[in-house]
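# Structural characterization, general
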Amino acid sequence: MNAATHPVAPEEVMAFLDGELTSAEAQAVSSHLDQCAECAGLAAQLRSTSQSLSGWTVPAVPASLEETVLAEAAEAADKLKQEKPGRTTQLSLWNWRLWAVAGGGALTVVLIGVALVASIIYPGNLAKSRPMEMAVQKPAAPDYFYTPARAQNQQTAVMKGNFSAAGAGVAQLGSLATPPPPPPVAGKTAGGLMYGYSAQPGAVTAPMIARTVSLTIAVKDFAAVRASLDSILVRHRGYAAQLSAATAENAPRTLQASLRIPAPELAAALAELKGLGRVESETQAGDEVTQQHTDLAARIQNSRETEERMRAILEQRTGKIEDVLQVEEEIARVRGEIESMEADQQALEHRVDFASVDLQIAEEYKAALNPPSASVSNRIHNAFVGGLRSAAEMLLGCVLFVEESGPVLLIWLAILGMPIFLLWRRYRSVMARF
Amino acid sequence: MEDAFPAFVLHSEAIRPPMNEAPRYPEADGSQTAESDEELMAAFSRGAADAFTVLFLRYKQPLFGFFRRRVADPAQAEELTQETFVAVLRASSRYQQTALFRTWLYAIGFKILRAHRRKAAFRATFLGEKPLGSEPAVDEAIEAQTMMRQAVGRLDSLDREVLLLREFEQLSYAEIAELLGLPLNTVRSRLFRARLALHDLLSAPASHSSAHQFAQSKERV
């Protein structure tokens, strides 16, 4: 068999018999079959194979199948019928929902708009409370003297969270009660006597309150605020116990300070500090230390008297050298105690004299487009070098990982992979049987 | 491809006696209607249950035969037939009239058959169930039929599939190619190979191999 004797391929004979050839091709194959006994034999063989297959009959479909499928079909047809009106309902429902949502949104927008317009047209309503607030924030007169009534007022004010208002009222009360003495000289005063308390036991006339204030302010002009802060401290004879400023790049600048302000100046100083910017948070607290102070004063007094008596004993009486030494030791101990207690007393008085103000100032940051620090070519070069380095490190990391974990992974792969492989092969062989 | 000489066509009535399966557009149960499968399917997707009944009557036997020849258990064949019709019902809204209904139906049947085979293979592999294989049931078989079925069962699985689709489902080469995702030429060569191999298997085992002989001749052409 060759191309000369068989111009058609055996598969073409089959395709011809299957009716898969065009008329022209079929014509060619047909005429060849008439001439070629071999190809005619192949055709007969193919026909007989097909004919033998035709004997493979299948029994009729069970009737139960018909019932089940036709019942399903009827159900499906009903659903299909219902779907059409359903679709339109769904569509209109969807439209209704869409309109409801759109209407609600529009109403909200209109309400917000009206509110905005109203606030622009009638700004008085909103601003009415502000002048009052500003008025009460103004420092009236320095409150040098703490009276029980004023302390009570202050506590109430702390509870209300409007300390400056109370401060102003207190100052007025104080000025009515007694004329204000001259402001104290910055630094230490004579045992705090000027502020209305006495180191003498039983002489305390007013409660001693150590005040602490915490204030967070947002400002626009940070540089100006720094200068203003210094001037406020000078003006009110205060000082900064601690101050730190941070000026990070591409971030708001911040200043954190722990200020000490003379207690009588506190209200005025606070008002000025608040004027620096927008107050974000403010807390005030008053710690009453009268009892503590009185106790200390009494103990100091007692110790002094003890010291006096011992000195008198030492001067007036004679005795053994051991006794003298013992008395002197005792005097030294009492002296030490007195000094220690006096230091505590002074610290306490200082806390009362100078209110502690924890101030935090943050700049209202506006991001700025800074010019690039490095030139474009440098940045490209750096990025390229960085990329190469990262790639090299990654490759090295991969190599190291394979070296380190490769053997273990291989063992695990063998342990886990072999059963999986065997099961897969079995699955494939079963599939191939179908 | 439809304009061949009918006298030489394998499936002409002269050569092949009528089988249980109806030919290309079967009119089952004598229901004489001019409506095509595609028109009936379109009518059903509009809610006409009768249209599907006609389609079902046309294809119930061919589809049952399709599964019956490929699945060993008759009950499973029935189940898969039912499953295919139900799948057709559910997918009716997605049916595109551009595709031949017959091809679409057998494509669905084929998917269901593959899923069934996968499940059976999985159960056989992992759960130790004995697979029934693709040997058709021989309950009512005559000996000659049994031999033929066994011979078909010994063919390569893909060759067998091409042969069965051509011989019993009477799909064209193009339809088989689409269904199995094979190139048209592959379908033709596999069909040829399957037919010759089947002929050899049905002939005496000692006889010469037609497949081998024609394979050699093909190389020379």
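Rules behind the numbers
Residues numbered from 1 in each chain as written. Chains lettered and ligands numbered in written order. Predicted model: local features only at pLDDT ≥ 70, side-chain atom pairs only at ≥ 80, totals over all residues. Pairing = 2+ DSSP bridges. Helix = DSSP H or I, 4+ residues; strand = E, 2+ residues; numbered from the N terminus. Axes fitted to C-alpha atoms, helices over the stretch in contact; angles between N-to-C directions. Contact = placed C-beta atoms within 7 Å. Parallel < 35°, antiparallel > 145°, perpendicular 65-115°, else oblique. Left-handed = near helix turned anticlockwise from the far one by under 90°. pLDDT = per-residue confidence, 0-100. Buried ≥ 20, exposed ≤ 12 C-beta atoms within 10 Å, placed from the backbone. Nonpolar A, V, L, I, M, F, W, Y, C, P; charged D, E, K, R; others polar.

### Quick word on the sheet that holds strand β3 (residues 254–262) of chain A
All names here are of chain A. In space, the 5 strands of this open sheet follow the order β2-β3-β5-β1-β4, with mixed pairing throughout. Unpaired on one side and paired on the other, β2 (239–246) and β4 (278–288) mark the two borders of the sheet. Each adjacent strand pair in this sheet contributes to an overall mean axis angle of 10 degrees, direction not counted. Most of the contacts of helix α10 (residues 266–274) go to strand β1 (residues 209–219), to which it runs at about 10 degrees, and overall it touches β1, β3, β4 and β5 (354–363).

### Section: the packing of helix α1 (residues 10–17) of chain A against helix α3 (residues 37–54) of chain A
Residue and element names in this part refer to chain A. Closest axis-to-axis distance for the α1/α3 pair is 10 Å, and the angle between their directions is 50 degrees. One element, α1, and the other, α3, form an angle in the oblique class. Between α1 and α3 the crossing geometry is right-handed. Between α1 and α3, the contacting residues are Pro10, Val13, Met14 and Leu17 on the first element and Cys39, Leu42, Ala43, Leu46 and Arg47 on the second.

### A short note on the confidence of the model for chain A
Residue and element names in this part refer to chain A. On average, chain A scores 77 in pLDDT, and the residues at 70 or more come to 74%. The least confident element of chain A, judged by mean pLDDT, is helix α8 (residues 163–177) at 38; the most confident is β3 at 91. Ignoring residues within four places in sequence, the model shows residues 86–91, a span with pLDDT below 50, making 0 contacts including any to other chains. Predicted confidence for residues 124–202 stays below pLDDT 50, and this span has 111 contacts to residues more than four positions away or in other chains.

### So, the environment of leucine 198 of chain B
Following the sequence through the fold, leucine 198 of chain B ends up in helix α8 (residues 184–202). Taking the number of C-beta atoms within 10 Å as the measure of exposure, leucine 198 of chain B has 25 and is therefore buried. The spatial distance from the C-alpha of leucine 198 of chain B to the C-alpha of alanine 151 of chain B is 6.3 Å, given a sequence separation of 47 residues. For leucine 198 of chain B, the residues in contact, after removing those within four places along its chain, are Thr49 of chain A together with Ala151, Val152, Leu155 and Leu163 of chain B.

### Some words on the packing of α3 of chain A against α8 of chain B
Between two packed helices, the angle of one axis relative to the other and the distance separating the axes together describe the packing. Where α3 of chain A contacts α8 of chain B, the two axes come as close as 10 Å, and the packing angle between them is 75 degrees. Here α3 of chain A lies roughly perpendicular to α8 of chain B, going by the angle between them. Two secondary-structure elements touch here, α3 of chain A through Gln45, Leu46, Thr49 and Ser52 of chain A and α8 of chain B through Arg195, Leu198, His199 and Leu202 of chain B. Residue composition of the contact of α3 of chain A with α8 of chain B, by class: 3 nonpolar, 4 polar and 1 charged.

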